[in-house]
Amino acid sequence: MNLIEAIQGVPDYRHARGIRHRLWIILTIVLLGSCTGYWGYKPLAEFTKNHRLSLIKLLDLSPDIQFPRLINIQKYHDFY
């Protein structure tokens, strides 16, 4: 099992009605961003903007994916 598979296995306890982004994507962005010096909500939002193409390729995501914005990252952090 690799790190991404482990992150994908984290249970998501959010109410289904409010889910816009898959939890494993949020957790991966926070982990990768934090490991590369993007500390805090604004820097993490900037990380997704700066590294969009690399994240899409690395995580095998659809090219038209909408990454979470600053407010979404704050909301997920406060939830967990």
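Below is a short write-up of the structure. For clarity, every value in this text was computed on a predicted model and none was experimentally measured.

### A few points about the overall build of the chain
Scanning the chain from terminus to terminus reveals five helices and zero strands. When the helices and strands of the chain are read in sequence order from the N terminus, they spell out α-α-α-α-α. When contacts within the chain are restricted to residue pairs at least 6 apart in sequence, long-range pairs at least 24 apart make up 49% of them. If you sum the accessible surface of the chain, you get close to 5,800 Å²; carbon and sulfur atoms cover 59% of it.

### Things to note about unusual backbone geometry
Even without being glycine, aspartate 60 reaches a positive phi, approximately 55 degrees. Assignment of secondary structure puts aspartate 60 in the loop between helix 4 (52-59) and helix 5 (70-79). Among the residues examined, aspartate 60 registers a relative accessible area of 70% and is labelled exposed.

### Considering the packing of helix 2 (residues 23-35) against helix 3 (residues 41-50)
Between helix 2 and helix 3, the least distance of the axes is 10 Å, while the angle of their chain directions is 95 degrees. The pairing of helix 2 with helix 3 is recorded here as roughly perpendicular in orientation. Along the contact surface, helix 2 presents Ile29, Val30, Leu32, Gly33 and Ser34, while helix 3 presents Leu44, Phe47 and Thr48.

### Notes on the environment of isoleucine 29
Among the secondary structure elements, isoleucine 29 is positioned in helix 2. Its relative accessible area of 1% is what places isoleucine 29 among the buried residues. Measuring from C-alpha to C-alpha, the distance between isoleucine 29 and leucine 55 comes to 8.4 Å, with 26 residues separating the pair along the chain. Ignoring any residue separated from it by four or fewer positions in sequence, one finds isoleucine 29 in contact with Ser34, Leu44, Phe47, Thr48, Phe67 and Pro68.

### Quick word on helix 3
Looking only at helix 3, the buried set comprises Leu44, Ala45, Phe47 and Thr48. Mapping the buried residues of helix 3 onto a view down its axis gives an arc of 150 degrees, with all of them on the same face. Those residues of helix 3 that are exposed and aimed more than 90 degrees away from the buried face are Lys42 and Lys49.

Rules used throughout
Residues numbered from 1 in each chain as written. Predicted model: local features only at pLDDT ≥ 70, side-chain atom pairs only at ≥ 80, totals over all residues. Heavy atoms only, no water. Helix = DSSP H or I, 4+ residues; strand = E, 2+ residues; numbered from the N terminus. Contact = heavy atoms within 4.5 Å. Areas by Shrake-Rupley, 256 points an atom, 1.4 Å probe, with all protein chains shown as cover. Buried < 20%, exposed > 50% of the residue type's maximum accessible area, 1.4 Å probe, protein only. Axes fitted to C-alpha atoms, helices over the stretch in contact; angles between N-to-C directions. Parallel < 35°, antiparallel > 145°, perpendicular 65-115°, else oblique. Arc of directions from axis to C-beta.

Spatial relationships are all this shows, so hold off on functional conclusions.
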